[in-house]
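Examination of the molecular architecture
What follows is each chain in one-letter form.
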Amino acid sequence: MNCPVCGKEMEKGKVTTDYSRGLFFLPPGGKIGFVATRKGIEKQGGIVLDGPYNTNLPNETEIPAYICRDCRKIVMEY
Ligand SMILES: [Zn+2]
């Protein structure tokens, strides 16, 4: 994948977190809410990238991603 800013080849990696409620894209002003639900996220125009997890059980979120270190940009797949 090429960087959308400079056009150079991007490095493959992942965006990851542990013990999370999941990972969500939200538009400006969007909120996850007290109890995260797919319906609640999507109703705001958001996207559930992983989850939602509403437990204290361990979970790991990993989303494939590409990075351009020169432009400090990350492109994620969903
Ligand atoms: Zn770049």
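A few points on the structure.

Thresholds applied
Residues numbered from 1 in each chain as written. Predicted model: local features only at pLDDT ≥ 70, side-chain atom pairs only at ≥ 80, totals over all residues. Heavy atoms only, no water. Pairing = 2+ DSSP bridges. Helix = DSSP H or I, 4+ residues; strand = E, 2+ residues; numbered from the N terminus. Axes fitted to C-alpha atoms, helices over the stretch in contact; angles between N-to-C directions. Donors = N, O, S within 2.8 Å, 3.2 Å for Na, K, Ca; no water. Tetrahedral: all angles 85-135°; square planar, octahedral: opposite > 155°, others 65-115°. Buried < 20%, exposed > 50% of the residue type's maximum accessible area, 1.4 Å probe, protein only.

What follows deals with the sheet that holds strand 5 (residues 73–76). Read from one edge to the other, the open sheet built from three strands follows the order 1-4-5, with strand pairing classed as antiparallel. For this open sheet the edge positions go to strand 1 (11–18) and strand 5, each flanked by a neighbour on one side alone. Between one strand axis and the next, the sheet turns through 40° on average, direction left out of account. With four bridges connecting them, strand 4 (residues 60–68) and strand 5 associate as antiparallel partners. Each bridged residue has a counterpart across the sheet, and for Cys68 the counterpart in strand 5 is Lys73.

Here we come to the coordination of the zinc ion. For the zinc ion, every protein donor is listed as Cys3 (SG), Cys6 (SG), Cys68 (SG) and Cys71 (SG), and the spread of their distances is 2.3 to 2.4 Å. Each of the four donor atoms bound to the zinc ion contributes to angles spanning 105 to 115°, and the resulting shape is tetrahedral. One chain supplies every donor for the zinc ion, spaced along it as C-x2-C-x61-C-x2-C. Of this pair, Cys3 sits in the segment before strand 1 while Cys71 sits in the loop between strand 4 and strand 5, and the two are 68 residues apart along the sequence. In this structure Cys3 comes out as buried when scored by relative accessible area, which is 4%. Residue classification places Cys71 among the partly exposed positions, given a relative accessible area of 22%.

Read these as spatial facts, not as claims about activity.
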